[in-house]
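# Descriptive analysis of the structure
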Amino acid sequence: MAALRWARETEDDILIADHQFGLGFILVWAGKPGQAVAMLQEAAGAAEALGNVPLQSRCLTYLGIAYRMVGDEAGVQESIEKLAPVVAATNDSLYLGVAQALHAWLQWRAGAMEAAENHGRAALRQWEAAIT
């Protein structure tokens, strides 16, 4: 929080968005995904307005994960719809894999096991490509 307050004092929009993402990321992995959602939404909007595609990609990825963690299917779907073209533009295999994994989760929740497996395997292929 202190880092974000400092960033806001600088009035540097890029620095502020970066620190918003950082706080949202920490909240996701600290087990507070509900709190992370607002911070990641704000950071994603700022990143889009700034034209910072890598930051937008990170924000949307972890926003989708936060929504999944709280069981918000509509939020996950919305995140995927925004995330897919952004990560496709950057050809980021790691985050393309996350988008596929989020699709798999949605399919699993809908009871579409074959589609869930297909998206899950696609996620694994993307992650394998990211590490090779």
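See the structure above.
The notes below deal with the structure included here. What you are looking at is a predicted structure, and each value in this text was computed from that prediction instead of being measured. Throughout, a residue's number is its position along its own chain's written sequence, starting from 1. In keeping with the model being predicted, local features are shown solely for residues with a pLDDT of at least 70 and side-chain atom pairs are shown and tallied solely at 80 or more, while totals for entire chains, interfaces and linings include all residues. With hydrogens and water stripped out, all remaining heavy atoms of the structure feed into the side-chain values.

### Let's talk about the overall build of the protein
Short version of the rule: Secondary structure follows DSSP: runs of H or I at least 4 residues long count as helices, runs of E at least 2 residues long count as strands, and numbering of each begins at the N terminus. In this treatment the radius of gyration is a C-alpha quantity, and the globule benchmark scales as 2.2 Å times the residue count to the 0.38 power. Residue exposure (1.4 Å probe, protein chains only): buried if accessible area is under 20% of the type maximum, exposed if over 50%, otherwise partly exposed.
Secondary structure summary: the protein contains seven helices and zero strands in total. A globule of 132 residues ought to have a C-alpha radius of gyration of about 14 Å, and the protein, at 15 Å, matches this closely. Along the three orthogonal principal directions, the C-alpha set of the protein runs to about 50 × 30 × 25 Å. Split into buried and exposed, the 132 residues of the protein put 38% on the buried side.

### A look at a nonpolar patch on the surface
Quick note on the threshold: Patch criteria: residues need more than 30% relative accessible area and no salt bridge. Like-charged residues are merged within 9 Å; nonpolar side chains of Val, Leu, Ile, Met, Phe, Trp and Tyr are merged within 5 Å. Throughout, the Shrake-Rupley method with a 1.4 Å probe supplies accessible areas, and for residues the shown protein chains are the sole cover considered. Salt bridges are identified by distance alone: a Lys or Arg side-chain nitrogen within 4 Å of an Asp or Glu carboxyl oxygen.
Together, W29, M69 and V70 line one region of the surface with nonpolar side chains, adding up to about 290 Å² of accessible area. As for its position among the elements, V70 is in the loop between helix 4 (53–69) and helix 5 (73–90). For V70, a relative accessible area of 44% puts it in the partly exposed group.

### Digging into the pattern of salt bridges
Scanning all chains against the criterion turns up four salt bridges. Between D18 and R58 there is a salt bridge, with its nearest N and O atoms 3.9 Å apart. With a gap of 40 residues between them, D18 in helix 2 (residues 13–29) and R58 in helix 4 connect regions that are remote in the sequence. Since its relative accessible area comes to 26%, R58 is described here as partly exposed. When the shortest N-O distance is used, the salt bridge between E117 and R121 registers 2.8 Å. Note that E117 and R121 are positioned in helix 7 (residues 113–131) at a spacing of four residues, about one turn of the helix.

### Focus: the layout of surface pockets
This is how the line gets drawn: Definitions used for this entry: grid spacing 1 Å over protein atoms alone; cavity, a set of points where a 1.4 Å probe fits but cannot get out; pocket, an open set with protein on both sides within 12 Å along at least 5 of 7 lines; lining residue, one with an atom within 4 Å of a point. Grid points are joined across faces, edges and corners, and a volume is the space filled by probe spheres set on the points. Lys, Arg, Asp and Glu make up the charged group, whereas Ala, Val, Leu, Ile, Met, Phe, Trp, Tyr, Cys and Pro make up the nonpolar group; the residues left over, Gly among them, are polar.
Of the volumes computed, that of the largest pocket is approximately 160 Å³. In this structure, the largest pocket is lined by Q41, A44, G45, E48, Q56, L60, L63, Y67, E78, S79 and K82. Counting only elements with at least two residues in the lining of the largest pocket, the list comes to helix 3 (33–50), helix 4 and helix 5. When the residues that make up the lining of the largest pocket are grouped by side-chain class, the tally is four nonpolar, four polar and three charged.

### Quick look at the packing of aromatic side chains
We apply this condition: Any Phe, Tyr or Trp ring, taking Trp's six-membered ring, that has another such ring centre within 6.5 Å forms a pair; planes under 30 degrees apart are called stacked, those over 60 apart edge-to-face, and the others tilted. Remark: a charge is flagged as sitting over a ring if the NZ atom of Lys or the CZ atom of Arg is within 6 Å of the ring centre and within 35 degrees of the ring normal.
Counting across every chain of the model gives six aromatic pairs. Ring geometry for F21 against Y62: centres 6.0 Å apart, planes inclined by 55°, an arrangement best described as tilted. One end of the pair, F21, is in helix 2; the other, Y62, is in helix 4, and 41 residues separate them in sequence. Summarising the burial analysis for this pair, F21 and Y62 share the class buried. Here R58 stacks its cationic end above the ring of F21, 5.5 Å away from the centre of that ring.

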